Amino acid sequence: MCDVCTSESIDWKFVNGETKSALHQVKLFRVYKDKIASIKLCHLHGIELFVLGETRFLQNHLNLARDLAVSKKKYSC
């Protein structure tokens, strides 16, 4: 499941449709100091991350940012 959709209680398969139901493994470099955060994103959130950039993407999805702060072991590589 998409980490953003999970944190915001969105049905990611319904939102993305049948043809775009693949998940993308994405690495965030500006979340942890000297570490990389690895998250899974659906097609739409992957595009949003590309367009907005990492900082503004996390500002738009504060639930994901809180999850990243609390569950460091779950997301760090």
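Structure shown above.
Residues numbered from 1 in each chain as written. Predicted model: local features only at pLDDT ≥ 70, side-chain atom pairs only at ≥ 80, totals over all residues. Heavy atoms only, no water.

Trainee: What should I look at first to understand a nonpolar patch on the surface in this one?
Mentor: Taken together, Phe14, Val15 and Leu44 make up a surface patch of nonpolar side chains, about 320 Å² in accessible area. Secondary-structure assignment places Phe14 in helix H2 (residues 12-16). (Patch = residues over 30% accessible without salt bridge, like charges linked within 9 Å, V, L, I, M, F, W, Y side chains within 5 Å. Areas by Shrake-Rupley, 256 points an atom, 1.4 Å probe, with all protein chains shown as cover. Salt bridge = Lys/Arg side-chain N within 4 Å of Asp/Glu carboxyl O. Helix = DSSP H or I, 4+ residues; strand = E, 2+ residues; numbered from the N terminus.)

Trainee: Honestly, the side chain of Asp3 in this entry has me stumped. Any pointers?
Mentor: Along the chain, Asp3 falls in helix H1 (residues 3-7). Buried and unpaired, Asp3 has no salt bridge, with Lys74 as the nearest side chain of opposite charge at 5.3 Å. Engagement of the side chain of Asp3 in a polar contact is seen with the backbone nitrogen of Lys40, the distance being 2.9 Å. In contact with Asp3, not counting residues within four places along its chain, are Ile39, Lys40, Leu64 and Tyr75. (Buried < 20%, exposed > 50% of the residue type's maximum accessible area, 1.4 Å probe, protein only. Lys, Arg positive; Asp, Glu negative; His and termini not counted. Polar contact = N/O pair within 3.5 Å; in protein donor to acceptor, adjacent residues only side chain to side chain. Contact = heavy atoms within 4.5 Å.)

Trainee: Even after reading the chapter, I still don't get the pairing of strand S2 (residues 35-41), so can you show me in this structure?
Mentor: For a regular strand, the rule is simple: side chains alternate between the two faces of the sheet. Judged from the six bridges that link them, strand S1 (residues 24-32) and S2 form a sheet pairing that is antiparallel. Note on S2: the bridge partner recorded for Tyr32 is Lys35. Connecting the antiparallel pair S1 and S2 is a turn made up of two residues, with Asp34 showing a positive phi of about 65 degrees. (Pairing = 2+ DSSP bridges.)

Trainee: I'm lost on the nonpolar core in this one. Help?
Mentor: Across soluble globular proteins, nonpolar side chains have a tendency to be buried as a group. Cys2, Leu28, Ile39, Leu41, Phe57, Leu64 and Leu68 are the most contacted members of the largest nonpolar core, which has 17 residues in total. Secondary-structure elements contributing two or more residues to this core are H1, S1, S2, helix H4 (54-60) and helix H5 (62-70). Ignoring sequence-local partners within four residues, the contact set of Ile39 consists of Asp3, His24, Gln25, Val26, Leu28, Leu64, Leu68 and Tyr75. (Core = buried A, V, L, I, M, F, W, Y, C linked by side-chain atoms within 4.5 Å.)

Trainee: Whenever I open this one, the environment of Lys35 confuses me. Can you help?
Mentor: Along the chain, Lys35 falls in strand S2. For the pair Lys35 and Cys77, spaced 42 residues apart in sequence, the C-alpha separation works out to 7.0 Å. Contact partners of Lys35, with chain neighbours within four places excluded, come to Phe29, Lys72 and Ser76.

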